[in-house]
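Secondary and tertiary structure notes
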Amino acid sequence: HPPPPSFSTSRGAMRAGIASQAFSAIASRFASVPKGPEDAILGVTLAYRADPSPLKLNLGVGAYRDDQGRPFVLPAVRQAERRILEADLDMEYLPVAGDREFLSRAVRLAYSDHLIADRGHTLAAVQTISGTGALRLAAEFLRRYAPGSSLLLPSPSWANHTPIFRDAGCDVQSYRYYDPSTKSLDFAGLMEDLARVDQGSTVLLHTCAHNPTGVDPSEDQWKEISAVMHRRQLYPLFDMAYQGFATGDGDVDAFPIRHFLGQGHRPIVAQSFSKNFGLYGHRVGALSIVGDDVDEKDAMESQLKIIARPMYSNPPIHGVRIINEILSSDELTGQWKSDMKGMADRIRAMREQLRQGLESRGNPQSWRHITDQIGMFCFTGLTPTQVIRLRDEFHIYLTQNGRISMAGVAASTVDYLAEAMDAVTRPE
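In this text, all values refer to a predicted model and were calculated from it rather than measured experimentally. (Residues numbered from 1 in each chain as written. Predicted model: local features only at pLDDT ≥ 70, side-chain atom pairs only at ≥ 80, totals over all residues. Heavy atoms only, no water.)

Considering the pattern of salt bridges
- Counted by the stated rule, this structure contains 27 salt bridges.
- In this structure, Asp-67 and Arg-346 form a salt bridge, with 3.1 Å as the shortest nitrogen-oxygen distance. Of this pair, Asp-67 sits in the loop between strand 1 (57-58) and helix 3 (75-87) while Arg-346 sits in helix 14 (residues 330-360), and the two are 279 residues apart along the sequence.
- The partly exposed category is assigned to Asp-67, whose relative accessible area is 27%.
- Residue Arg-83 is joined to Glu-325 by a salt bridge in which the shortest nitrogen-to-oxygen separation is 4.0 Å. Of this pair, Arg-83 sits in helix 3 while Glu-325 sits in helix 13 (residues 318-327); the two residues are 242 residues apart in sequence, bridging distant segments of the chain.
- A relative accessible area of 28% places Arg-83 in the partly exposed class.
- With relative accessibility at 24%, the residue Glu-325 sits in the partly exposed group.
- One salt-bridge network, in which partners are shared between bridges, spans Arg-136, Glu-140, Arg-143 and Arg-144. (Salt bridge = Lys/Arg side-chain N within 4 Å of Asp/Glu carboxyl O. Helix = DSSP H or I, 4+ residues; strand = E, 2+ residues; numbered from the N terminus. Buried < 20%, exposed > 50% of the residue type's maximum accessible area, 1.4 Å probe, protein only.)

Right under this line is the structure:
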């Protein structure tokens, strides 16, 4: 007979049995959580990566690529990084509101030196987790301090706008913006909607390079929008994710904000520095709100910090150091402006070549909207069926709404893209 188990062995087995029974008796609290859909752009990227074809193109991602299709680090950014490395800086926490030098520079980019000299003392500003974080902070601020008012988004708008404001508890509505029949701005519809909306509502406006359509109002149209909003006591919230990416000139692209402020509005401005500085992964942003006096400014800033603290404690440091290094140097500022203009010019050239490639093939449709639109994205007018054909037959990946990231088009691929678009849009 085998020897009897020791007391310690029996006790260990008993514990294991009890633990096993206890574990199996507790059901997971999350067993009924439904699997959510993939993010539309992430889904495009995943499908692209899984495609073995050497012809494949990813035109879904909203990040700039050079003419070889590679991620682009601005030369000004590389030089700034080398200077920062040589300075041997620490890695301490930033304050909740962020880096004050950066904020001073950020608001000047948005509002201009002249307007900051006049109104800077009434401007509340905090550093944020890029533009998305700025919008989320603004949404929470509006829910707390403008309760009962609506937040209006253009139709269509960036896909993330609705969940950002909805999840903060805002009443999200929309106003007409884009006319699919003309592939241009529905200015009459926009003005009619703004003239009817409840007073005190907040209206989100894309400052430049509207995402996803690439359709921007003219300066004269911006003036009319400002006038109707002032008359109706509507409050502008500017989302400025592409300053410098529309025209290549940051001052020209900031015209709407500066005009609205000059006309007596008290705008909220969400800034992203992902595109114009190429700092995508560093998540650099700013949120600013114009008040009437220093007391109001101080109160708003205090509440923004109270909102931010439990969200993310304090913002990241490296990206703002890069921006500070660039904007504190005349040499690097000049290089940065040249880099930014070069990106905008390349995108504009791709638009022209794509339109020419379609028209030279005798495609019966009008493609003027490709060059009329501006900025990183082109709202092609392609149907979901045509988008699927581009993917299945030509290995070209874009979002279902027909939006193309022109930054993903290169001189070596633009003719292939034109050939494919021509093929899927010809009447059968």
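Next comes the rest of the description.
Here we look at the environment of His-114
- Here His-114 lies in helix 5 (residues 113-119).
- Its relative accessible area of 60% is what places His-114 among the exposed residues.
- A C-alpha to C-alpha distance of 25 Å links His-114 and Ala-138, two positions 24 residues apart in sequence.

A closer look at the environment of Gly-342
- Summarising the element assignment, Gly-342 is placed in helix 14.
- What makes Gly-342 partly exposed here is its relative accessible area of 36%.
- As a C-alpha pair, Gly-342 and Thr-380 span 38 residues in sequence and 23 Å in three-dimensional space.

Let's talk about helix 3
- Here helix 3 contains 13 residues, and its C-alpha end-to-end distance of 19 Å stays within 8% of the 18 Å for a straight helix at 1.5 Å per residue.
- Taken as a whole, helix 3 has its buried residues at Ala-76, Val-77, Ala-80 and Ile-84. Across the axial projection of helix 3, the buried residues extend over an arc of 95°, all falling on one side. Residues of helix 3 that are exposed and point more than 90 degrees away from the buried face comprise Leu-85 and Glu-86.
- Elements in contact with the buried residues of helix 3: helix 13 and helix 14.
- Residue Asp-88 follows helix 3 closely and has a positive phi angle near 55°. (Expected span 1.5 Å × (residues − 1). Arc of directions from axis to C-beta. Contact = heavy atoms within 4.5 Å.)

What about unusual backbone geometry?
- Of note, the bond from Ser-155 into Pro-156 is cis; its omega dihedral lies within 30 degrees of zero at 0°.
- Tracing the chain through its elements places Pro-156 in the loop between strand 3 (150-155) and helix 7 (161-167).
- The omega angle of the peptide bond from Asn-211 to Pro-212 is 20°, so this bond is cis rather than trans.
- With respect to the helices and strands, Pro-212 occurs in the loop between strand 7 (202-206) and helix 9 (219-231).
- One non-glycine residue, Ser-130, lies in positive phi territory at about 60°.
- Relative to the helices and strands, Ser-130 resides in helix 6 (residues 130-145).

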